[in-house]
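Listed below, chain by chain, are the residues.
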Amino acid sequence: MVYLTIIRDVKDLEFLFKDSMKLLVGGFGLSGTPLTILDAVATFQAGNYIVVSNNLGDSGQGLHKVFTAGKIDKVIGSFFTINPEAIVAWSAGQLAIELLPQGTLAEAIRCGGAGIGGFYTPTAVGTRLAVGKEVREIDGERYLFEKAITGDIALIKAAKADKAGNLVYHTTARNFNPLMATAAKIVIAEVDTIVEIGELRAEEIITPHIFVDYIVQSTYKKEGGHYIDSN
Amino acid sequence: MTATSREIIAQRIANELQDGDVVNLGVGIPTLVSKYIGDKKIYLQTENGLLGMGPPPSDLDIDIDLIDASKNPITTTVEASFFDSAFSFAMIRGKHVDVAVLGTLEVDQYGEIANWSIPNQPILGVGGAMDLVAGAKKVIVASTLFNKSGASKLVPKLTLDSSGERRVEQFVTEYASFSFIGEKVYVTAIYGALSFAELQERIPVQLTK
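Residues numbered from 1 in each chain as written. Chains lettered and ligands numbered in written order. Predicted model: local features only at pLDDT ≥ 70, side-chain atom pairs only at ≥ 80, totals over all residues.

**Here's the deal with the overall build of chain B**
- Per the secondary structure count, chain B includes five helices and 13 strands.
- Relative to a compact globule of 209 residues, whose C-alpha radius of gyration would be 17 Å, chain B shows 17 Å and is just as compact.
- Based on the C-alpha atoms only, the size of chain B along its principal axes is roughly 50 × 35 × 30 Å.
- Contacts spanning at least 24 positions in sequence make up 60% of the contacts within chain B whose residues lie at least 6 apart. (Helix = DSSP H or I, 4+ residues; strand = E, 2+ residues; numbered from the N terminus. Rg over C-alpha atoms; globule rule 2.2 N^0.38 Å. Contact = placed C-beta atoms within 7 Å.)

This is the structure in structure tokens:
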């Protein structure tokens with residue numbers, strides 16, 4: 001059986017978070033980022049996390065808050081150039097960074113959720129990011145072996161959930177979220193709207209309910225070019 | 001680098017695109033290419049999960065969830081579709097994107113490029129650059145020909161970090177277009193200010209007419 005819990009107060013999720021857990025966090029820039037959950041995670045007791053995310057928040061929001069609260073030991077992602085504080089911490093040896101090409105990151109998470117141990121990709125062969133990784137020739141082309149990625153908790157963002165936990169996404173806010181929903185032991189989805197079972201058309205559901213354990217109502221609203229906390 | 005050089009490069013690349021092409025435009029000069037597409041039907045792919053990118057919205061119509069790979073607000077075209085990041089890169093690596101237009105810092109004499117590491121800075125961002133280099137059917141790189149100190153970006157051997165073994169097809173600059181065929185660098189078009197002989201004088205790589 002699969003149970004879904006709809007959380008009324010995001011603080012009630014604290015019991016799930018333990019030191020040194022590996023968190024998969026959805027979003028590209030801030031689009032599709034679970035901002036409400038991350039605000040709470042920044043205040044929770046646990047820390048020393050390994051975080052898997054494309055970037056480390058942006059414009060002082062999202063994972064940026066968890067990072068500045070001193071709760072991240074290591075981050076695995078594709079683009080941290082936009083996070084100057086992370087670069088400073090990395091230079092000072094306070095933050096470990098593992099850089100992966102964005103497509104490799106996405107495919108590693110997809111594989112993690114699909115029961116595949118790893119994959120061979122042509123991306124990054126012959127570059128600094130291939131150092132120490134197995135290269136194999138297949139039909140005359142060189143490929144790099146990359147291991148799958150899984151996590152303890154996935155923090156994702158969707159547009160709507162029904163009360164079974166089925167999810168639909170909005171435009172490019174989908175990005176890594178459906179992949180991460182498949183690749184962690186516990187999945188917490190932040191959503192803008194919660195609807196009754198049957199209100200979502202089966203054809204539009206991207207993440208089936210079996211993947212989702214907890215639903216949290218987002219407190220953020222989109223205003224112009226920004227995400228504003230309405231709390 | 002003048003705005004004009006950037007616009008000129010973007011315009012020339014737009015001329016290279018074929019009706020019906022699926023195209024991914026990178027950050028910087030490549031982004032400007034969309035302004036010069038004209039009447040051609042081009043399907044713009046953005047690696048954060050959209051095929052069918054339209055022009056930027058007016059300020060009133062911004063939906064900040066809907067962005068391009070540089071995080072700028074965008075719109076969609078009538079035939080657009082959304083997908084997740086794994087599917088998006090399957091599209092890229094699987095050779096379903098006809099042309100990737102990418103910025104670059106260096107190009108070597110065989111067409112291998114360095115476009116992700118910034119000189120003298122820690123290398124902490126790669127994004128989708130390497131996947132696009134490895135996977136697009138054709139890669140056109142766009143850049144001004146000379147760096148700020150006047151040195152050619154077309155070099156015998158890369159001094160910056162390579163973006164992958166795959167050799168790009170074309171390098172378009174404000175002075176000339178270069179094609180990499182076999183082991184040779186062909187100057188396929190010259191745009192006025194520098195003659196072939198003057199280009200050869202300033203570029204430390206053997207050029208072929």
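Read on for the rest.
**Some words on the interface of chain B and chain A**
- Listed per partner, the contact involves 35 residues of chain B and 43 residues of chain A.
- At the level of secondary structure, the elements contributing two or more residues to the side of chain B that touches chain A comprise helix H3 (85-93) and helix H4 (129-135) of chain B.
- For the side of chain B that touches chain A, the element with the highest residue contribution is H3 of chain B, accounting for five residues.
- Among the residues forming the side of chain B that touches chain A, the class breakdown is 16 nonpolar, 10 polar and nine charged. (Nonpolar A, V, L, I, M, F, W, Y, C, P; charged D, E, K, R; others polar.)

**Some thoughts on the sheet that holds strand E8 (residues 138-142) of chain B**
All names here are of chain B.
- Pairing is mixed in the open sheet, where 10 strands are placed in the order E4-E3-E2-E1-E5-E8-E10-E11-E12-E13. Looking at the sheet topology across the chains shown, the edges are occupied by strand E4 (75-82) and strand E13 (207-208).
- Pairing of strand E11 (residues 176-181) with strand E12 (residues 184-190) involves six bridges; the strand directions are antiparallel. Bridge pairing links Ile-181 to Lys-184 in E12. (Pairing = 2+ DSSP bridges.)

**With respect to the pairing of strand E7 (residues 135-138) of chain A**
All names here are of chain A.
- Pairing between E7 and strand E8 (residues 141-147): four bridges, direction antiparallel. Paired with Val-135 across the strands is Leu-144, a residue of E8.
- Counted between consecutive antiparallel strands, the loop separating E7 from E8 contains two residues, among which Asp-139 sits at a positive phi close to 45°.

**A closer look at the nonpolar core**
- By size, the foremost hydrophobic cluster in this structure holds 123 residues, and its most contacted members are Ile-109, Ala-154, Met-180 and Ala-189 of chain A together with Val-101 of chain B.
- Of the residues forming this core, the biggest block, six residues, is contributed by strand E9 (residues 151-162) of chain A. (Core = buried A, V, L, I, M, F, W, Y, C linked by C-beta atoms within 7 Å. Buried ≥ 20, exposed ≤ 12 C-beta atoms within 10 Å, placed from the backbone.)

**What about H3 of chain B?**
- Of all the nine residues making up H3 of chain B, seven are buried; the element is thus mostly covered by neighbouring parts of the structure.
- Burial in H3 of chain B covers these residues: Ser-85, Ala-86, Ser-88, Phe-89, Met-91, Ile-92 and Arg-93 of chain B.
- Elements that come into contact with the buried residues of H3 of chain B comprise helix H4 (102-114), strand E6 (118-121) and helix H5 (177-180) of chain A together with strand E1 (22-25), strand E2 (43-46) and H4 of chain B.
- Downstream of H3 of chain B by one or two residues, Lys-95 of chain B has phi in the positive range, about 65°.

**Looking at the pairing of strand E5 (residues 99-103) of chain B**
Residues and elements named next belong to chain B.
- E5 sits mainly inside the fold: four of its five residues count as buried.
- Across three bridges, E1 lies against E5 in parallel orientation. In the sheet register, Asn-24 faces E5, and the bridge partner there is Ala-100.
- Across five bridges, E5 lies against E8 in parallel orientation. Following the sheet pairing, Ala-100 is matched in E8 by Val-139.

**Regarding the sheet that holds strand E9 (residues 154-155) of chain B**
Residue and element names in this part refer to chain B.
- In space, the three strands of this open sheet follow the order E7-E6-E9, with mixed pairing throughout. One side of each edge strand has no neighbouring strand; the edge strands of this open sheet are strand E7 (113-114) and E9.
- In this structure, strand E6 (residues 106-108) lies alongside E7, joined through two bridges in antiparallel fashion. Bridging from a neighbouring strand, Val-107 pairs with Ile-113 of E7.

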